[in-house]
Amino acid sequence: MKNSKQITGATVSRRAVLKSGAALIGSTALGFSPWAWSASADTLKIGHLTPLTGFLGALGGYAVKGVQLQAEQINAAGGLLGRKIEVISEDSVNPQVASTKAQRLIERDKAVVLLGEISSASALAISQVAARNKTLYVNTGARSDTLRGKDCNRYTFHSDIPVTVLANSAGLALDRAGLIKGKKLFGLTADYLFGHDLSKAVNKFVAAHGGTMVGDALVATDVTDFSPYLLKIRQANPDVIACNLAGNQVTNFIKQYSSYGLTIPLAGFNLNVADAWAAGPGNLTGIWPTVWQYKLNTPDSHAFVKAFEAKYHTQPENHAWVEYISLKILAKAITETKSTQTDKLVAYLESGAKFDILKAREAYYRSWDHQLIQEAYTYSVLPPDQVKGPHDFLKLGNAVPAPDQPLEVLYPTKAENTCHM
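Just so you know, the residues in each chain are numbered from 1, in the order the chain's sequence is written. Given that this is a predicted model, residues contribute local features only at a pLDDT of at least 70 and side-chain atom pairs are listed and counted only at 80 or more, while totals for whole chains, interfaces and linings are drawn from all residues. Computation of side-chain values covers all heavy atoms of the structure but excludes hydrogens and water.

1. Regarding the overall build of the protein chain
Threshold: Strands are runs of DSSP state E lasting at least 2 residues, helices are runs of H or I lasting at least 4, and numbering of each runs from the N terminus. For the radius of gyration, the atom set is restricted to C-alpha positions; the globular benchmark scales as 2.2 Å times the number of residues to the power 0.38. Working definition: with a 1.4 Å probe on protein chains only, accessible area under 20% of the residue-type maximum means buried, over 50% means exposed, and in between means partly exposed. Residue contacts are counted whenever heavy atoms from the two residues lie within 4.5 Å of one another. Each accessible area is a Shrake-Rupley estimate made with a 1.4 Å probe; only the visible protein chains count as cover when residues are assessed. Positive residues here are Lys and Arg, negative ones are Asp and Glu, while His and the chain termini are left out of the count. To locate a charge, the coordinates of NZ of Lys, CZ of Arg, CG of Asp or CD of Glu are taken.
Scanning the protein chain from terminus to terminus reveals 14 helices and 16 strands. Against the 2.2 N^0.38 benchmark of 22 Å for 421 residues, the protein chain shows a C-alpha radius of gyration of 21 Å, consistent with a compact globule. Along the three orthogonal principal directions, the C-alpha set of the protein chain runs to about 65 × 45 × 40 Å. Across the 421 residues in the protein chain, those meeting the buried criterion constitute 56%. Nonlocal contacts in the protein chain, meaning residues at least 24 apart in sequence, comprise 69% of its contacts between residues at least 6 apart. Summing over all exposed atoms, the protein chain offers an accessible surface of approximately 16900 Å²; the carbon and sulfur share of this is 54%. Each charge class in the protein chain was averaged separately, 42 positive and 35 negative side chains, and the resulting centres sit 3 Å apart.

Written out as structure tokens, the structure reads:
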């Protein structure tokens, strides 16, 4: 496995650098030195971890793009506390590697905060490292309720929506479409922390809204052939399939389901935008939840999309957005506290401070579980005659909760949560 380090948008292989000075010459020709900021006392280092390989690797690629864009914008505006920031992105791969690299980012690279992740299992490992080292960690994309529940700690904050919000936002839309009450549902669930938590939340929602789960099959994250599961679904003969898969599992299942000839409606409780794009307009159906989509109609969201497209020549995915706004939040916290001290940053984030996250309503972290409270959305698939391009087949729904409802209505309550810091 290669150990690579992302510095201001360029990936530098340490092995290659050690073997040849040509890497330094090449990077200098591009207009920067890979060591210039690292050697400088005037640099604030942000340790960034995200999967760049494996079943979540495609999403991690968008995460790096989003955080690097925000870093460039911060530095172009003068940096933080008069210093440039350097985002060091590492491929987290799995929980063991994530833990090792998080410790190294703190000890060797002197990162002032940790940021990132998509895998809930890896995020748990990073949060434990953060707690041991009393270092702030902002979990950007891992959605397990457990991270905000029994495994919470005072050094970890969560920017993405948790699985309860995925289940509730998609579930309400699906119930309105007649796909929950009085229906038999069969679940397909990713067999790791995130999937287990999502299945639990979906089962709770279905039971509370008059539906019945008639089966729930656990699917290993490296499964690519879904024919055995499609046979189980056919045998169970449910009214609805509840998809609780993750990463490219969802893409692979949707493509195979589309070609298998089943006509059972597909109900989605997790689908990242990049995975929807990979599935394609001819395969994807149903209603799905999302935390953000590039068609969101706010001025700040439009500006982000425009800047992202100008730099990367593609639309941003939701993990690009969540990394972008998470570093933006950290920048505000550092600016307002005039400090990178962990205790001061934690106290500020717990204070109820409001943050512009490019949506219609501002967001804030709850002090008792460190969850960023914000709007969510659902999206569906446009009719074929309205599809304008390979990425343009998703229709973004209205924000939930409604504008006249409290933001916390979709989130676990304090009484339901097992977080004790």
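Now that the structure is up, let's keep going.
2. A few points about the nonpolar core
As a reminder of what qualifies: We define a nonpolar core as any set of buried Ala, Val, Leu, Ile, Met, Phe, Trp, Tyr and Cys residues linked to one another through side-chain atoms lying within 4.5 Å.
Counting residues in hydrophobic clusters, the biggest one holds 111 residues, and the most contacted among them are Phe-253, Phe-304 and Leu-327. Of all the elements, helix 13 (residues 318-337) adds the most residues to this core, at 11 residues. If sequence neighbours within four positions are ignored, Phe-253 has contacts with Leu-188, Phe-226, Leu-230, Ile-233, Ile-241, Leu-245 and Leu-266. If you look at the next biggest cluster of nonpolar residues, it comprises 16 residues, including Ala-102, Leu-105, Ile-126 and Ala-130.

3. Some thoughts on the sheet that holds strand 16 (residues 394-396)
Within a sheet, each strand pairs with its neighbour through backbone hydrogen bonds, oriented either parallel or antiparallel. Counted only if it meets this: Pairs of strands are assigned from DSSP output, requiring at least two bridges between the strands. In this analysis an axis means a line fitted to C-alpha atoms, helices contributing only their contacting stretch, and an angle means the value between N-to-C directions, from 0 to 180 degrees.
If you trace the three strands from one edge of the open sheet to the other, you get 12-15-16, paired in antiparallel fashion. Because the sheet does not close on itself, it has two edges, and the strands there are strand 12 (288-290) and strand 16. On average, each strand axis in the sheet is tilted by 40 degrees relative to the strand beside it, whichever way the strands run. Both strand 15 (residues 377-381) and strand 16 contribute to a ladder of three bridges, which runs antiparallel. The residue bridging Ser-380 from the neighbouring strand is Lys-395, located in strand 16. Relative to strand 15, helix 7 (residues 163-176) is tilted by about 50 degrees, and along the sheet it contacts strand 12 and strand 15.

4. A word on the layout of surface pockets
Heads up, the rule is: Grid points spaced at 1 Å and placed over the protein atoms alone form the basis of the search, with a cavity being a set where a 1.4 Å probe fits but cannot get out and a pocket an open set showing protein on both sides within 12 Å along at least five of seven lines. Lining residues have an atom within 4 Å of a point. Grid points are joined across faces, edges and corners, and a volume is the space filled by probe spheres set on the points. Only Asp, Glu, Lys and Arg are considered charged, only Ala, Val, Leu, Ile, Met, Phe, Trp, Tyr, Cys and Pro nonpolar, and every remaining residue, Gly among them, polar.
Empty space within the largest pocket amounts to approximately 650 Å³. Around the largest pocket sit 27 residues that line it, and Asp-145, Thr-164, Lys-204, Pro-412 and Glu-416 are the ones nearest its centre. Counting residues per element, the ones that place at least two in the lining of the largest pocket are helix 6 (145-148), helix 7 and helix 8 (193-208). Per-element accounting of the lining of the largest pocket gives the leading share, six residues, to helix 8. Here the lining of the largest pocket is composed, by residue class, of nine nonpolar, nine polar and nine charged. Its volume calculated, the second largest pocket comes out at about 320 Å³. In terms of lining, the second largest pocket is formed by 18 residues, of which the most central are Ala-173, Arg-176, Thr-378, Asn-398 and Val-400. Of all elements in the fold, only helix 7, strand 15 and strand 16 reach the threshold of two or more residues within the lining of the second largest pocket.

In short, geometric facts, not functional conclusions.
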